Amino acid sequence: MDETIISAPGKVILHGEHAVVYGKTAVASSLNLRCFVRALPSEDGCINLDLPDVFLQRQWTVKSVQDNLLPRLVQNGYDGIVSPEPASEDELEILKEFAKIPKDSTATTSELAVIAFLYLYCKVFCSSSKRTLPAFRLRMISELPVGAGLGSSAAFSVCLAAVLLQWSGQISCKSPQHLPREDYRGDTAMSGSLGWSRDEQLLINKWAFLGEKIIHGQPSGIDNSISTLGGAISFQNKIIETVQKMPKLRILLTNTKVPRSTKLLVAGVRKRHEKHTLVMEHMLEAIEGIAQQSLRVFAALSDKPYDTEAYAELEELIDINQSLLNGTGVGHTSLDKIVALTARYNLHTKLTGAGGGGCTYTLIKPGADEDDIKNVKKELELEGFQCWETCVGSAGVAYHPTGHSDPTVPQQLFES
Ligand SMILES: Nc1ncnc2c1ncn2[C@@H]1O[C@H](COP(=O)(O)OP(=O)(O)OP(=O)(O)O)[C@@H](O)[C@H]1O
Ligand SMILES: C[C@@](O)(CCO)CC(=O)[O-]
Ligand SMILES: [Mg+2]
């Protein structure tokens, strides 16, 4: 294979995080911040994995993977019979041992990215008819803050799945595209321009979910699905529906910079669910009600984009959901601070993603006072938060022209 550059977007969950893990409906949209991967054939017989965002660099010889890892993961030889299945506990232990993570310590979230890589590398190539594992250099750079609720792990897993499937010949993009970065709203009609067929995208999504499972524990699958497909989706029990009638929402994203792990937060909600099952079920159902109501308002707004009543309803839904998420145990004082600060400007904010720190989104209505927006950003930044203003929706997984010919690809991807 030749040099390959692929990217996948982060996401914002508009409503339904955590509830979606329990089979409730959630609504998510992709973001104009992306993770990029560049793969290059290598002559040294090694697999070089370079993950500067999490300060990790690893190298293995293909021979050591072939002799010491593969036979323990794939017992019947690698002849195209492996299908996308989640890693078992035993396999995770084998991967940890191969990655030299001490037996009695748990892998850090960053190290889980290495485990996810090794698992997907072995299994994807064993699911293809190609019999040789390739030697290559793989570098990944993300524009997304890592571990902040904007789906960095999903964008990472989608990039990884796509590059490995492309290299193993299971998907084939023949015409890389320059990615329009401004105001691009991915939808099924435009997905062809991203490089792969719908079936190929679904295969990428399937494998990416397995990477997410290694990093997250028990993901619902919403993050990898929106990162693969782009645009906006509603998601319930692995059923993905493209939101066709989505207004061009303007939002302010704020990163608290409080680190947290989605895996631990999801586990914490499960604990609370086990302890107060009935109460939590009602709360999760209420969150689902908000997601469904928001879909109706989005449809109304896409027909009547300046409907002030519809915006007022969206703001109320944001407030109610933020309170419910606090009740499920994923709030944080830094999030409360942003909610209170933006409320002083009559702006409405909720956490997005797993919570416990991470990011919030604030809805900006059409006709909002631009001085207010400037001032609220200034105040948030003075508090040490980081802000981005953006619109929801961007292209899903995308195949880029190689070399330096695509200006949307970050230069750091070419450094080594
Ligand atoms: N650019 C990257 N390079 C290497 N690993 C990454 C990168 N981006 C994400 N990861 C992996 O994802 C982990 C962070 O995932 P986590 O699910 O905790 O946060 P998130 O995906 O940003 O937030 P959320 O799941 O709430 O949207 C990192 O610790 C690492 O394992
Ligand atoms: C918290 C959660 O609902 C969203 C994380 O972005 C977890 C998941 O759906 O996998
Ligand atoms: Mg994640």
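Given the structure is predicted, the values throughout are model-derived calculations rather than measurements.

Draft legend 1. Inspection of the sheet that holds strand β8 (residues 250-255) at higher detail. Read across the sheet, four strands follow the order β9-β10-β8-β11 without closing on themselves; strand pairing throughout is antiparallel. In this open sheet, the two strands that pair with only one neighbour each are β9 (349-352) and β11 (386-391). With direction set aside, neighbouring strand axes in the sheet form an average angle of 30 degrees. As judged from the four bridges shared by β9 and strand β10 (residues 359-364), these two strands associate in the antiparallel manner. Following the sheet pairing, Lys350 is matched in β10 by Tyr361.

Draft legend 2. Fine view of the coordination of the magnesium ion (ligand 3). Distances from the magnesium ion (ligand 3) to its protein donors, Ser153 (OG) and His216 (NE2), fall within 2.1 to 2.3 Å. Of this pair, Ser153 sits in helix α4 (residues 152-167) while His216 sits in helix α5 (residues 198-216), placing them 63 residues apart in sequence. By the burial criterion, Ser153 is buried, and His216 matches it.

Draft legend 3. Layout of the packing of aromatic side chains. One pass over the structure, following the stated rule, counts seven aromatic pairs. A ring pair is formed by Trp196 and Tyr399, whose centres lie 5.7 Å apart and whose planes are at 80 degrees; its orientation type is edge-to-face. Linking Trp196 in the loop between α4 and α5 with Tyr399 in strand β12 (residues 398-400), this pair joins segments that are 203 residues apart in sequence. Each member of the pair Trp196 and Tyr399 is classed as buried. Taken together, the aromatic side chains of Trp60, Phe98, Phe117, Tyr121, Phe125, Phe136 and Trp167 make up a single cluster linked through ring pairs.

Draft legend 4. Broad picture of helix α11 (residues 370-382). Given a rise of 1.5 Å per residue, 13 residues ought to cover 18 Å, and the 18 Å separating the end C-alpha atoms of α11 matches this to within 8%. Along α11, the residues classified as buried are Ile373, Val376 and Leu380. Axial view of α11: buried residues confined to an arc of 65 degrees, hence all on one face. Exposed residues pointing more than 90 degrees away from the buried face of α11 are listed as Lys374, Lys378 and Leu382. The inward-facing, buried residues of α11 abut β8, α10 (333-343), β10 and β11. In this structure Asp369 caps α11, since a side-chain oxygen of it lies 2.8 Å from the backbone nitrogen of Asp371.

Draft legend 5. Structural context of the environment of Ala395. In this fold, Ala395 is placed in the loop between β11 and β12. Overall, the relative accessible area of 1% leaves Ala395 in the buried class. When the C-alpha positions of Ala395 and Ser7 are compared, they lie 9.6 Å apart, and in sequence the two are 388 residues distant.

Draft legend 6. Structural detail: the domain arrangement of the protein chain. The domain boundaries assigned to the protein chain delineate domain 1 (4-229 + 396-414) and domain 2 (247-392). Each of domain 1 and domain 2 has a C-alpha centre, and these two points are 28 Å apart. Listed by partner, the interface residues are 35 residues for domain 1 and 42 residues for domain 2. With both sides pooled, the region where domain 1 packs onto domain 2 buries about 3,100 Å², and carbon together with sulfur makes up 63% of that total. By the criterion of area lost to domain 2, the three top residues of domain 1 are His15, His18 and Tyr22, representing 24% of everything that side buries. One can count two salt bridges joining domain 1 with domain 2. The salt bridge partner of Lys24 is Glu281, with a shortest N-O separation of 3.1 Å. At the level of elements, β1 (4-15), β2 (26-41), α3 (109-126) and α5 are the ones that each hand at least two residues to the side of domain 1 that touches domain 2. The element best represented in the side of domain 1 that touches domain 2 is β2, accounting for seven residues. Tallied by class, residues from the side of domain 1 that touches domain 2 come to 16 nonpolar, 14 polar and five charged.

Draft legend 7. Layout of the site of ligand 1. Lining the immediate surroundings of ligand 1 are 24 residues, of which Lys11, Thr109, Ser152, His216 and Arg260 lie closest. Contact between ligand 1 and Lys11: an oxygen atom at 2.7 Å from a side-chain N or O atom of the residue. Contact distances for ligand 1 include 3.1 Å between an oxygen atom and a backbone N or O atom of Gly149. Its free accessible area being 630 Å², ligand 1 has 98% of it covered by the protein chains.

Draft legend 8. Spatial organisation of the nonpolar core. Of all hydrophobic cores here, the largest spans 109 residues; its most connected members are Phe117 and Tyr121. Counting residues per element, this core draws most heavily on α3, which supplies 14 residues. Taken domain by domain, this core gets at least three of its residues from each of domain 1 (4-229 + 396-414) and domain 2 (247-392). What Tyr121 contacts, discounting residues up to four positions off in sequence, is Ile47, Val62, Val65, Leu133, Pro134, Phe136 and Leu164. Grouped together as the second largest cluster of nonpolar side chains are 12 residues, Leu252, Tyr345, Val376 and Leu380 included.

Draft legend 9. Region of the structure containing the side chain of Ser220. As for its position among the elements, Ser220 is in the loop between α5 and α6 (222-229). Leave out the neighbours within four places in its chain, and Ser220 touches Val20, Val21, Phe209, Phe235 and Lys238.

Draft legend 10. Representation of the site of ligand 2 within the structure. As a structural note, the neighbourhood of ligand 2 is formed by 14 residues, with Lys11, His18, Pro219, Ser220 and Asp223 the closest of them. His18 places a main-chain nitrogen or oxygen 2.9 Å from an oxygen atom of ligand 2. Between ligand 2 and Ser220 there is a distance of 2.6 Å, counted from an oxygen atom to a side-chain nitrogen or oxygen. Taken by itself ligand 2 offers 300 Å² of open surface, and the protein chains cover 98% of this. Contributions of two or more residues to the shell around ligand 2 are made by β1 and α6. Looking at side-chain class alone, the shell around ligand 2 contains seven nonpolar, four polar and three charged residues. Summarising the domain contributions, the shell around ligand 2 has at least three residues from each of domain 1 (4-229 + 396-414) and domain 2 (247-392).

Calculation criteria
Residues numbered from 1 in each chain as written. Chains lettered and ligands numbered in written order. Predicted model: local features only at pLDDT ≥ 70, side-chain atom pairs only at ≥ 80, totals over all residues. Heavy atoms only, no water. Pairing = 2+ DSSP bridges. Helix = DSSP H or I, 4+ residues; strand = E, 2+ residues; numbered from the N terminus. Axes fitted to C-alpha atoms, helices over the stretch in contact; angles between N-to-C directions. Donors = N, O, S within 2.8 Å, 3.2 Å for Na, K, Ca; no water. Buried < 20%, exposed > 50% of the residue type's maximum accessible area, 1.4 Å probe, protein only. Phe/Tyr/Trp six-rings, centres within 6.5 Å; stacked < 30°, edge-to-face > 60°. Expected span 1.5 Å × (residues − 1). Arc of directions from axis to C-beta. Contact = heavy atoms within 4.5 Å. Polar contact = N/O pair within 3.5 Å; in protein donor to acceptor, adjacent residues only side chain to side chain. Domains from an automatic or database assignment. Buried area = accessible area lost by both parts, 1.4 Å probe. Salt bridge = Lys/Arg side-chain N within 4 Å of Asp/Glu carboxyl O. Nonpolar A, V, L, I, M, F, W, Y, C, P; charged D, E, K, R; others polar. Near = heavy atom within 4 Å. Areas by Shrake-Rupley, 256 points an atom, 1.4 Å probe, with all protein chains shown as cover. Core = buried A, V, L, I, M, F, W, Y, C linked by side-chain atoms within 4.5 Å.

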